[in-house]
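# Observations on chain architecture
Take a look at the letters that make up each chain.
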Amino acid sequence: MLFRSKKFAPAPWLARDLVRVVQARQMTSLGADGKVRWSASRPNESADWKSTRPEDRLDNGKLQDLVSALIYISLAEVAPDASNAGFDKGVTLKIDTFNNYHYALTFGNQVGDLRYMKVALEAAPPPTRPPQEGESAEDKKKNDEQYLKDHDGMLAHVQREKKLEGWTFLVKDEDVKALVRDRAQLLPEPKKDDKKGEAKK
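Conventions and cut-offs
- Residues numbered from 1 in each chain as written.
- Predicted model: local features only at pLDDT ≥ 70, side-chain atom pairs only at ≥ 80, totals over all residues.
- Heavy atoms only, no water.
- Pairing = 2+ DSSP bridges.
- Helix = DSSP H or I, 4+ residues; strand = E, 2+ residues; numbered from the N terminus.
- Expected span 1.5 Å × (residues − 1).
- Bend = angle between axes of the 7 residues up to and from the residue.
- Buried < 20%, exposed > 50% of the residue type's maximum accessible area, 1.4 Å probe, protein only.
- Contact = heavy atoms within 4.5 Å.
- Core = buried A, V, L, I, M, F, W, Y, C linked by side-chain atoms within 4.5 Å.
- Phe/Tyr/Trp six-rings, centres within 6.5 Å; stacked < 30°, edge-to-face > 60°.
- Salt bridge = Lys/Arg side-chain N within 4 Å of Asp/Glu carboxyl O.

## Section: the pairing of strand 9 (residues 169–172)
Sheet topology places strand 5 (residues 73–78) next to strand 9; three bridges connect them, and they run antiparallel. Paired with valine 78 across the strands is phenylalanine 169, a residue of strand 9. Taken together, the four bridges between strand 8 (residues 114–123) and strand 9 define a ladder with antiparallel strand orientation. In the strand pairing of strand 9, arginine 115 is matched with valine 171.

## Brief notes about helix 2 (residues 137–162)
With 26 residues, helix 2 extends 35 Å from end C-alpha to end C-alpha; this agrees with the ideal 38 Å at 1.5 Å per step. The largest bend in helix 2 comes to about 45°, at aspartate 150. All of the buried residues along helix 2 are Tyr147, His151, Met154, His157, Val158 and Glu161.

## Brief notes about the side chain of aspartate 56
With respect to the secondary-structure elements, aspartate 56 resides in the loop between strand 4 (50–51) and helix 1 (60–71). Those residues within four positions of aspartate 56 in sequence are excluded, and the remaining contacts are Ser51, Arg183 and Leu187.

## Some details on the nonpolar core
Counting 37 residues, the largest nonpolar core has Val19, Met27, Trp38, Ile95 and Leu179 as its most contacted members. In terms of residue count, the dominant contributor to this core is helix 1 (five residues). Residues contacting methionine 27, with those up to four places away along its chain left out, are Trp38, Ser39, Ala40, Trp49, Leu63, Leu66, Val67, Leu70, Leu93, Lys94 and Ile95. Core analysis: the next-biggest nonpolar cluster, separate from the first, contains seven residues, Ala76, Ala85, Tyr116 and Leu170 among them.

## Description of the packing of aromatic side chains
Across all of its chains, the model carries one aromatic pair by this definition. With 6.2 Å between their ring centres and 25° between their planes, tyrosine 101 and tyrosine 103 make a pair best called stacked. The burial state of tyrosine 101 is the same as that of tyrosine 103; both residues are buried.

## Here we look at the environment of leucine 30
The residue leucine 30 is located in strand 2 (residues 24–30) in this model. The exposure class of leucine 30 is buried, given its relative accessible area of 14%. Setting aside its immediate chain neighbours within four residues, leucine 30 contacts Lys35, Val36, Arg37, Gly90, Val91, Thr92 and Lys94.

## Side note on the pairing of strand 8
By the bridge criterion, nine bridges tie strand 7 (residues 101–111) to strand 8 in an arrangement that is antiparallel. Among the inter-strand pairings, leucine 105 is bridged to a residue of strand 8, identified as valine 119. Hairpin remark: strand 7 followed by strand 8, antiparallel, with two residues in the connecting loop; positive phi at glycine 112, about 65°.

## Considerations on the pattern of salt bridges
Enumeration over the complete set of coordinates arrives at nine salt bridges. As a salt-bridge pair, aspartate 144 and lysine 140 come within 2.7 Å of each other at their nearest N and O atoms. Of the two residues, aspartate 144 and lysine 140 both sit in helix 2, four residues apart, roughly one turn of that helix. Residue lysine 140 is classed as partly exposed on the basis of its relative accessible area of 39%. A single salt-bridge network, built from bridges that share partners, covers Glu122, Lys162 and Glu165.

In structure tokens:
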């Protein structure tokens, strides 16, 4: 069911691109019971994603799908009634970024091709750019200068997205389905024997 009543239309300050999470450093998925379903991090933006559990192995490509989904989550509607959102049985994805943003995106029930979602954000972009591993002196200088130019925009970004707190949204499930994946869905695909076409043990 889509809610198209003017009474519940998105407020003028609400951009159609609901959330834009960039420069993700760590992602942690929590179940309804608050327990960690999986967690992964990377030391810099060019590095592969790896599980924060040494004994675990997650697929970098599948984790990168989550990063791509986080860059643009399109708003479908502001939900007029959150009583059936199902957040108490949902999934929360926490994202920490290299610029000191800390997101919590909670996903609830699916309604047709939409899904309930709410947003929490704590952010304090540092005045200077955090150091990056493996960066050359030339790249560091260039990136530091760009960071200073972008800092005011970061503060405006935080101010805009903080306004999303306290609202319940309906977002396109197609846009966010990667974000609710469980650990099993993030494991590498089993390798197959080229000759027999059977999974290697």
